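# Coordinates in review
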Amino acid sequence: MGYGGEEQWGPFVEAFDQDKFTVITFNYLQRAQADYAAAENEVDNILATLKGLGFKRVICMGASLGVSACAYISHAPEMVGMVLIAGPNNGGTLDTPYPKLFISGKLDQWASPTESDYKRADEPKTLILYPDIAHHGTDLFYSTAKDQFLKSLLDFVNNLQAPAG
C-alpha cells in the first residue's frame with residue numbers, strides 16, 4: 001500500500017505454504033503519496049529480478065496503490081494470477097486469461113472502483129465485498145473479516161492450476 005510497509009502482509013506471509021510458494025514483499029520508496037510511476041517502476045524491477053532468478057510463475061497481490069502496480073505488469077508472460085485489494089487501477093488493463101480476485105470492504109472508499117474494475121475485467125474473476133467493513137487494503141487483516149480475508153487469499157493461491165504440458 002502507499003502507507004505502512006511490508007509487515008502489513010505478515011498474516012499472509014505466516015500462513016502460506018512455504019514448501020510450495022515463495023513470497024516477496026517490499027516497501028515502496030514512497031517518494032510521494034500515491035506515486036503511481038514509482039510503484040510501477042518498483043514492481044517492474046521486482047518482476048525483472050524474479051525472472052532473473054528463474055521464476056516462471058508469478059501471482060501479484062496489491063493493496064491500495066499496489067493495485068495499480070499489479071495492473072501495470074498484468075500482461076507479463078510470468079503472470080498466472082492477480083489479487084487486487086481496494087485500490088485504484090491507474091490505467092492498467094485486466095483483459096488477461098488468468099484468474100483475478102478483487103476484494104474490498106463494502107464501506108471502504110475504494111469499494112466502488114474495485115467493483116468497477118471487476119466488471120471491466122475479463123473472466124476468470126471473482127469479487128468479494130465484506131459488508132459493514134470500512135478497513136482499507138491490508139488493514140482487512142485486522143478487521144472482523146480477517147479470517148475470511150486470509151482464507152480468500154490462501155484459497156486463491158492454492159487453487160491456481162499448473163499450466164498444461
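None of the values given here were measured: they were computed from a predicted structure. (Residues numbered from 1 in each chain as written. Predicted model: local features only at pLDDT ≥ 70, side-chain atom pairs only at ≥ 80, totals over all residues. Heavy atoms only, no water.)

So, about the pattern of salt bridges. A side chain with one charge may pair with a side chain of the opposite charge, provided their charged atoms come close. Within this structure, the stated rule accounts for three salt bridges. With a closest N to O distance of 3.3 Å, Lys106 and Glu115 form a salt bridge. We classify Lys106 as partly exposed; its relative accessible area is 40%. One salt bridge in this structure joins Arg120 and Asp117, with 2.5 Å as the shortest N-O distance. Within this pair, Arg120 and its partner Asp117 are both found in helix H4 (residues 111-120), separated by three residues, close to a single helical turn. (Salt bridge = Lys/Arg side-chain N within 4 Å of Asp/Glu carboxyl O. Buried < 20%, exposed > 50% of the residue type's maximum accessible area, 1.4 Å probe, protein only. Helix = DSSP H or I, 4+ residues; strand = E, 2+ residues; numbered from the N terminus.)

A few words now on the pairing of strand S2 (residues 79-85). The side chains of a regular strand alternate between the sheet's two faces. In terms of residue burial, S2 counts as a mostly covered element, since seven of its seven residues are buried. Of the pairings in the sheet, the one linking strand S1 (residues 58-63) to S2 comprises six bridges and is parallel in character. Considered in S2, the bridge of Cys60 is made with Met82. Following the backbone out of S1, through helix H3 (residues 65-72) and into the adjacent parallel S2, one traces a crossover that is right-handed. (Pairing = 2+ DSSP bridges. Right-handed = clockwise from strand over helix to strand, strands pointing away.)

What follows is about the nonpolar core. Ranked by internal contacts, the top residues of the largest apolar core, which has 23 residues, are Trp9, Phe12, Val83, Ile85, Ile103, Phe149 and Leu153. With six residues, helix H5 (residues 146-159) is the largest single contributor of residues to this core. Apart from the residues within four sequence positions on either side, Val83 is in contact with Cys60, Met61, Gly62, Leu101, Ile103, Leu153 and Phe156. Core analysis: the next-biggest nonpolar cluster, separate from the first, contains 20 residues, Val67, Ala69, Ala76 and Ala121 among them. (Core = buried A, V, L, I, M, F, W, Y, C linked by side-chain atoms within 4.5 Å. Contact = heavy atoms within 4.5 Å.)

Bear in mind that shape data such as this cannot, by itself, settle questions of function.
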